[in-house]
Amino acid sequence: MCGRYTLFTPTADLEARFDADFGDHEPSYNCAPGQSLPVIPDRDPGEATRMEWGLTPSWADESFDLINARAETVREKRSFADAFERRRCLVPADGFYEWVGGPDGGRGGSDKTPYRVAFEDDRPFAMAGIYERWEPPTPETTQTGLGAFGGGNGDGPAGADDPDVIETFAVVTTEPNDLVADLHHRMAVILDPEAGEEEAWLRGGPDEAAALLDPYPSNELAAHPVSTRVNSPSVDAPDLIEPVAGD
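Report on the accompanying structure. (Residues numbered from 1 in each chain as written. Predicted model: local features only at pLDDT ≥ 70, side-chain atom pairs only at ≥ 80, totals over all residues. Heavy atoms only, no water.)

1. Regarding the nonpolar core
Next, step 1: Judged by nonpolar contacts, the single largest core of 55 residues is most densely connected at Y5, F96, M127, I130, F169, W201 and L213.
Next, step 2: No other element matches the 6 residues that strand β9 (residues 125-134) contributes to this core.
Next, step 3: Each residue touching M127, except ones within four places of it in the same chain, is listed here: C2, Y5, C89, L90, V91, A93, V171, A188 and V189.
Next, step 4: Grouped together as the second largest cluster of nonpolar side chains are 9 residues, F8, W99, V230 and L240 included. (Core = buried A, V, L, I, M, F, W, Y, C linked by side-chain atoms within 4.5 Å. Buried < 20%, exposed > 50% of the residue type's maximum accessible area, 1.4 Å probe, protein only. Helix = DSSP H or I, 4+ residues; strand = E, 2+ residues; numbered from the N terminus. Contact = heavy atoms within 4.5 Å.)

Next comes the structure, spelled out in structure tokens:
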């Protein structure tokens, strides 16, 4: 899975890399679910838009907070299928964390060792993402105003400007490459810009997009253990990415 990542590349470098405006982006060494983070949506790839990490389908009655979507089932599962067909995004990152150890190898816990995976030169990359627009149900005790009967339905640009609509995203995961397989049984789908995969993910049809959902080759990536301080999403500091002694 992908449950934490980093995005500390300077704003000017991100804008040059993705040819998009990142606005007032602040570096983060511990991007976590529930946070509002920059993604590049297919509707406007020239501007990074902040969305909450944890997808909730437009039809849901309550928040789902789905942080990952499996590549093998993203086209079939009701929670993800419509977003995959119509709302894809790039999730900029310059590294991600995985946890090793413990009974289930899951995230967090003092018996698990966090590792950071990144390109050897720490260059930014794009993970494949999907996004949704969700309008929380109006409480029964609240009188419905005339505005509830007009405006966007969350399915077009008008919905993106509706203050009642919450935009959320999930990162698509796939089988791990040889490097990540030693750390976890899943990894985020990393898109290769040299092969045109980022453009194809945003602009291609469903079949073309589905063909991109394979593990990125491991030969350009590196991994090292980091401090367990990263376990807490409230901790965000440059030293989180520094190598520490492993087991």
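2. Focus on the sheet that holds strand β1 (residues 5-7)
Next, step 1: As summarised here, the arrangement of the 5 strands in space is β2-β1-β7-β8-β13, forming an open sheet in which the pairing is antiparallel. The strands lining the two open edges of the sheet, one partner per strand, are β2 (28-31) and β13 (221-225). Direction aside, the axes of adjacent strands within the sheet are offset by 25 degrees on average. (Pairing = 2+ DSSP bridges. Axes fitted to C-alpha atoms, helices over the stretch in contact; angles between N-to-C directions.)

3. Quick notes on the packing of aromatic side chains
Next, step 1: For the coordinates displayed, the defined rule picks out 9 aromatic pairs.
Next, step 2: Taken together, a centroid distance of 5.4 Å and an interplanar angle of 85 degrees make the contact between F119 and Y216 edge-to-face. Note that F119 is positioned in strand β8 (residues 113-119) and Y216 in the loop between α6 (206-210) and β13, a separation of 97 residues in sequence. Like Y216, F119 is buried. (Phe/Tyr/Trp six-rings, centres within 6.5 Å; stacked < 30°, edge-to-face > 60°.)

4. Some details on the pattern of salt bridges
Two side chains of opposite charge can pair, provided their charged atoms sit close to one another.
Next, step 1: Counting across every chain of the model gives 14 salt bridges.
Next, step 2: R43 is paired through a salt bridge with E167; the nearest N and O atoms lie 2.7 Å apart. Of this pair, R43 sits in the loop between β3 (36-41) and β4 (49-53) while E167 sits in strand β10 (residues 166-174), and the two are 124 residues apart along the sequence.
Next, step 3: Using a relative accessible area of 32% as the deciding quantity, one classes R43 as partly exposed.
Next, step 4: The exposure class assigned to E167 is buried, which follows from its relative accessible area of 10%.
Next, step 5: The salt bridge involving D82 is made with R86; its shortest N-O contact spans 3.5 Å. Of this pair, D82 and R86 both sit in helix α2 (residues 78-86), 4 residues apart, which is roughly one turn of that helix.
Next, step 6: Where salt bridges share partners, they join D82, R86, R87 and E132 into one cluster. (Salt bridge = Lys/Arg side-chain N within 4 Å of Asp/Glu carboxyl O.)

5. Thoughts on the state of the cysteines
Next, step 1: Inspection of every chain in the model, using the stated rule, returns 0 disulfides.
Next, step 2: Here C2 stays unpaired: no disulfide links it, and the sulfur of C31, its closest cysteine neighbor, is 9.4 Å away. (Disulfide = S-S within 2.5 Å.)

6. Some thoughts on α2
Residues three or four positions apart in an α-helix share a direction because the helix packs 3.6 residues into each turn.
Next, step 1: Burial in α2 covers these residues: S79, F80, A81, A83 and F84.
Next, step 2: Turning to α2, the residues buried within the fold contact β5 (68-70), β6 (88-93), β9, α5 (197-203) and α6.

7. Remarks on unusual backbone geometry
Next, step 1: For D19, which is not a glycine, the phi torsion comes out positive at approximately 55 degrees.
Next, step 2: Secondary-structure assignment places D19 in the loop between α1 (11-18) and β2.
Next, step 3: A positive phi angle, close to 60 degrees, is found at D122, a residue other than glycine.
Next, step 4: Tracing the backbone shows D122 in the loop between β8 and β9.

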